[in-house]
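Residue-level structure breakdown
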Amino acid sequence: MKQPVGPSFAITPWNFPLAMGTRKIGPALAAGCTIVVKPAHETPLTTLLLMRVLEDAGVPAGVVNCITTANSREVSAAIIADPRLRKLSFTGSTQVGQKLIAQSAQNVLRISMELGGNAPFLVLKSANVDAAVAGAMQAKMRNIGEACTAANRFIVHEHLAVEFSTKFAAKMAALRVGDGTVEGVDVGPLVTQVALDNVISLVAEAVAGGARVLAGGERLDGDGFFMSPTVLTDVPANARVLTEEIFGPVAPIVTFSTNDEALALANGTEYGLVGYLFAEDLREAFYVTERLETGMVGLNTGIVSNPAAPFGGVKASGLGREGSHEGIDEYLETKYVGMAL
C-alpha cells in the first residue's frame, strides 16, 4: 500500500516563491498530507496570495497552512521538533540544509533537500557554437543568475574558446539593465545589497588573480542593486568565482583539451545539481553525460526545469526529487501487508 507520510513542513526560498510553493504543496495534497509552508522572509506576499487561491479553490481550512517570520531559525526548529511532524521539504543553501538534516534526525523525519549548485556548462569540441551561446544565455541569465540551476562555470574546448567567449560576451554586453518601470529592460536588480556585494567581491578577486573582463564587471548606478552582465576569461583555477555559487549575472570561462579533463573540472566540486552540455557528436555527448556527477543534465539546452521530470541533485546538492511520480513518492510511505488466508 502507498499511504500519506503525514503532516509535512515546507521551507521555500525567495527566488521562485510561487513555483517552489506549488511544487511542494501539490504533491503533498495529491498524496493526502497536510502541510505547513514557511516562505522566505524576503518574499512572503506571493505565498500568502497562494493561500488565498487555495482557499478559493476549496482546500479545507487547516490542510495547507502558511507561517511568515523574520526569525526563521527559531520558528523552523520548533516545528521540526514537534512529534506530529513526519516530513520536511527544504529548498535553499547547502549550509542551511545540513543544519535542517541534523535537526530532522531527532524525530527521524522523511526529508527532501534541494540545496545549492555550482552548475558546469560544457562546450565540447563538436558543439555548434551559436547554439551553445544561445543555451548559455538561457542557463546563465534565467532569473539574472539568481537560481540554483544557473550555469556557474563555463568549461569550453580550447579550439572553440575564442569564438564562444567573443560571441557570448557580445550577447551579455547587449543586455539592458534597469528596473521594471523602464521599457525594454532585460536584466533587473539583484535581491539585496548583500547579494550584490558578494558578486562584486567574486569578480574583483578573480580579476586580481589574472582574469580578463570581456563584458561588464561593474556595479551600475540606480535605485536598486544593479550588476552589469559579466563575462570573465583566463580565470585562475583557485578563484572563488569557480568554486562558489555566484547567484548573479557573472560567467567565468575556463578551457580544456580532452573530455576527461572537462569532466574532472566539471565534477571537481561538492555540488551536483545540474550540468549543461553542448555537443553535436552523440557518442561524445553521452560519454560525458553518463559521467557527469549531477542529478540533471541539459543536453543541447539551457533549461532543464520541467514539472513532468524529476528535479534534484546529488552530493551536497541534495536528497530526493521534486516533480514527476518521484515527487509524489516523497510524500508517501510504502506499507507491505503479508496476509494469510
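Scope of this entry: the structure provided in the associated data block. Given the structure is predicted, the values throughout are model-derived calculations rather than measurements.

Attention now moves to the overall build of the protein chain. The number of helices and strands found in the protein chain is 11 helices and 17 strands. The C-alpha radius of gyration of the protein chain comes to 21 Å, within 12% of the 20 Å expected for a compact globule of 341 residues. The C-alpha extent of the protein chain, read off along each of the three principal axes, is 70 × 55 × 35 Å. Relative to its 341 residues, the protein chain shows a buried fraction of 47%.

What follows deals with the sheet that holds strand 3 (residues 35-38). Taking strand neighbours across the sheet as the criterion, the six strands line up as 4-3-2-5-6-16 in an open arrangement whose pairing is mixed. Two strands lie at the open edges of the sheet, namely strand 4 (64-66) and strand 16 (318-319), each paired on one side alone. One ladder, built from two bridges, connects strand 6 (residues 110-114) with strand 16; its direction is antiparallel. Each bridged residue has a counterpart across the sheet, and for glutamate 114 the counterpart in strand 16 is glycine 318. Where helix 3 (residues 72-81) meets the sheet, its contacts fall on strand 2 (8-11), strand 3 and strand 5 (87-91), and the angle it forms with strand 2 comes to roughly 160°.

For the rest of this paragraph, the subject is unusual backbone geometry. Phi at asparagine 143 takes a positive value of approximately 60°, unusual for a residue other than glycine. Structurally, asparagine 143 is set in the loop between helix 5 (129-141) and strand 8 (151-157). For asparagine 143, a relative accessible area of 29% corresponds to the partly exposed category.

So, on to the sheet that holds strand 7 (residues 119-123). An order of 9-12-13-8-7-14-15 is seen for the seven strands of this open sheet, with the pairing classed as mixed. A strand with exactly one partner marks an edge of an open sheet, and here the two such strands are strand 9 (212-215) and strand 15 (296-299). The average undirected angle you get between the axes of adjacent strands in this sheet is 25°. Relative to strand 8, strand 7 runs parallel, the two being bridged by five bridges. Each bridged residue has a counterpart across the sheet, and for phenylalanine 121 the counterpart in strand 8 is phenylalanine 154. Each of strand 7, strand 8 and strand 13 (250-256) touches helix 9 (residues 259-267); the most contacted strand, strand 13, lies at about 145° to it.

With that out of the way, let us pick up helix 1 (residues 17-31). With 15 residues, helix 1 should reach 21 Å at 1.5 Å per residue; the first-to-last C-alpha distance of 22 Å fits that figure. Pro17, Met20, Gly21, Lys24, Ile25, Pro27, Ala28 and Ala31 are the residues of helix 1 that are buried. Here the buried residues of helix 1 occupy an arc of 170° about the axis, which is enough to place them on one side. Phi for glycine 32, located one or two positions after helix 1, is positive at around 100°.

Summed over the entire model, instances satisfying the criterion amount to 14 salt bridges. In this structure, lysine 87 and glutamate 330 form a salt bridge, with 3.6 Å as the shortest nitrogen-oxygen distance. Within this pair, whereas lysine 87 is found in strand 5, its partner glutamate 330 is found in the loop between helix 11 (324-329) and strand 17 (332-334), the two being separated by 243 residues in sequence. Residues lysine 87 and glutamate 330 agree in their burial class; the two are buried.

Taken together, Met1, Val337, Met339 and Leu341 make up a surface patch of nonpolar side chains, about 560 Å² in accessible area. Checked against the element boundaries, methionine 339 lands in the segment after strand 17. In this structure methionine 339 comes out as exposed when scored by relative accessible area, which is 67%.

Counting across every chain of the model gives eight aromatic pairs. Ring geometry for tryptophan 14 against phenylalanine 247: centres 6.0 Å apart, planes inclined by 75°, an arrangement best described as edge-to-face. Residue tryptophan 14 is found in the loop between strand 2 and helix 1, and its partner phenylalanine 247 is found in the loop between helix 8 (240-243) and strand 13; the two are separated by 233 residues along the sequence. Its relative accessible area of 19% is what places tryptophan 14 among the buried residues. The exposure class assigned to phenylalanine 247 is partly exposed, which follows from its relative accessible area of 23%. Summarising the aromatic geometry, the rings of phenylalanine 121 and phenylalanine 278 are spaced 5.3 Å apart at their centres and angled 25° between planes, so their arrangement reads as stacked. Separated by 157 residues along the polypeptide, phenylalanine 121 in strand 7 and phenylalanine 278 in strand 14 (residues 274-278) bring together distant segments of the chain.

Quick look at the environment of leucine 242 now. Position of leucine 242 relative to the elements: it lies in helix 8. The class of leucine 242 is buried, set by a relative accessible area of 9%. In this structure, the C-alpha to C-alpha distance between leucine 242 and glycine 268, residues 26 residues apart in sequence, is 10 Å. When near neighbours in sequence (up to four residues on either side) are disregarded, leucine 242 contacts Asn118, Arg153, Val235, Pro236, Ala237, Pro252 and Val254.

The rules behind these values
- Residues numbered from 1 in each chain as written.
- Predicted model: local features only at pLDDT ≥ 70, side-chain atom pairs only at ≥ 80, totals over all residues.
- Heavy atoms only, no water.
- Helix = DSSP H or I, 4+ residues; strand = E, 2+ residues; numbered from the N terminus.
- Rg over C-alpha atoms; globule rule 2.2 N^0.38 Å.
- Buried < 20%, exposed > 50% of the residue type's maximum accessible area, 1.4 Å probe, protein only.
- Pairing = 2+ DSSP bridges.
- Contact = heavy atoms within 4.5 Å.
- Axes fitted to C-alpha atoms, helices over the stretch in contact; angles between N-to-C directions.
- Expected span 1.5 Å × (residues − 1).
- Arc of directions from axis to C-beta.
- Salt bridge = Lys/Arg side-chain N within 4 Å of Asp/Glu carboxyl O.
- Patch = residues over 30% accessible without salt bridge, like charges linked within 9 Å, V, L, I, M, F, W, Y side chains within 5 Å.
- Areas by Shrake-Rupley, 256 points an atom, 1.4 Å probe, with all protein chains shown as cover.
- Phe/Tyr/Trp six-rings, centres within 6.5 Å; stacked < 30°, edge-to-face > 60°.

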